[in-house]
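As a plain string of letters, each chain reads:
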Amino acid sequence: MTKTPIHLWIVGILSLVWNAGGAIDYVMTRTNVAAYLAEQPPERLAMLQDAPTWFGFTWALGVWFSIIGSLLLVLRSRFAGSAFALSLIGLIGSSIYTYGIADGASMLAVAGTAAIVFTIGIPVILVLLWIYARAMTKRGVLR
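A short tour of the structure in this document, coming up. If you're wondering where the values come from, they're calculated on a predicted model, not measured in any experiment.

What counts, and where the lines are drawn
Residues numbered from 1 in each chain as written. Predicted model: local features only at pLDDT ≥ 70, side-chain atom pairs only at ≥ 80, totals over all residues. Heavy atoms only, no water. Helix = DSSP H or I, 4+ residues; strand = E, 2+ residues; numbered from the N terminus. Buried < 20%, exposed > 50% of the residue type's maximum accessible area, 1.4 Å probe, protein only. Contact = heavy atoms within 4.5 Å. Areas by Shrake-Rupley, 256 points an atom, 1.4 Å probe, with all protein chains shown as cover. Lys, Arg positive; Asp, Glu negative; His and termini not counted. Charge placed at Lys NZ, Arg CZ, Asp CG, Glu CD. 1 Å grid on protein atoms, 1.4 Å probe; cavity = no way out; pocket = protein on both sides within 12 Å on 5 of 7 lines; lining within 4 Å. Points joined across faces, edges and corners; volume = space filled by probe spheres on them. Nonpolar A, V, L, I, M, F, W, Y, C, P; charged D, E, K, R; others polar. Phe/Tyr/Trp six-rings, centres within 6.5 Å; stacked < 30°, edge-to-face > 60°.

## Observations regarding the overall build of the chain
Helices and strands together make up the secondary structure of the chain, namely seven helices and zero strands. Reading the chain from its N end, one meets helices and strands in the order α-α-α-α-α-α-α. When the backbone C-alpha atoms are referred to their principal axes, the chain occupies close to 50 × 25 × 25 Å. Residues counted as buried form 39% of the 143 residues belonging to the chain. Within the chain, residue pairs in contact and separated by at least 24 positions form 76% of the contacts whose partners lie at least 6 positions apart. Approximately 8000 Å² of the chain is accessible, and the part contributed by carbon and sulfur atoms is 73%. Computed over 9 positive and 5 negative side-chain charges, the inter-centroid distance for the chain is 32 Å.

Laid out in structure tokens, this is it:
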């Protein structure tokens, strides 16, 4: 078995913290926490209220498999790459609704620069995590 490189622990823990942010957003939104929802732009709330069931499924898939992928990285499991791939499928599905069907572009314009940065950063980081997990599997670090 290959020795675990320090960067695996760094990437795994940082990705878990990053993905926990998405999980917190998901839980706070889905459980209708009033204080949290009060901080959201009305456009986002309207988009979520009008969202079809399949959007909720793909959003959950993206959020929870990113958490699972991060945990599997830390546990050195070769299934981390598969979890990140499923998360990416969920992200693509939820993005189709958000930016293709609903009016996500105007929601971003209202939400500001931070929302735009996160909208770009989320898929970029997820793809990088997927690539990283696959590379660690090929090197024998993930078993």
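That shown, we press on.
## Concerning the layout of surface pockets
Volume-wise, the largest pocket comes out at about 1000 Å³. In terms of lining, the largest pocket is formed by 37 residues, of which the most central are Asp25, Arg44, Trp59, Phe118 and Ile122. Residue composition of the lining of the largest pocket, by class: 22 nonpolar, 13 polar and two charged.

## Describing the packing of aromatic side chains
Applying the stated rule across the entire model yields six aromatic pairs. Ring centres of Trp54 and Tyr97 lie 6.0 Å apart, and the angle between their planes is 90 degrees; this geometry places the pair in the edge-to-face category. In this pair, Trp54 is assigned in helix α4 (residues 53–74) and Tyr97 in helix α5 (residues 80–101), connecting sequence segments 43 residues apart. The buried category is assigned to Tyr97, whose relative accessible area is 6%. Here the aromatic rings of Phe55 and Tyr97 are separated by 5.1 Å at their centres, their planes lie at 50 degrees, and the arrangement is tilted. Of the two residues, Phe55 is situated in helix α4 and Tyr97 in helix α5; the sequence distance between them amounts to 42 residues. Across this residue pair, the class does not change: Phe55 and Tyr97 are buried.

So yeah, pure geometry; function would need other evidence.
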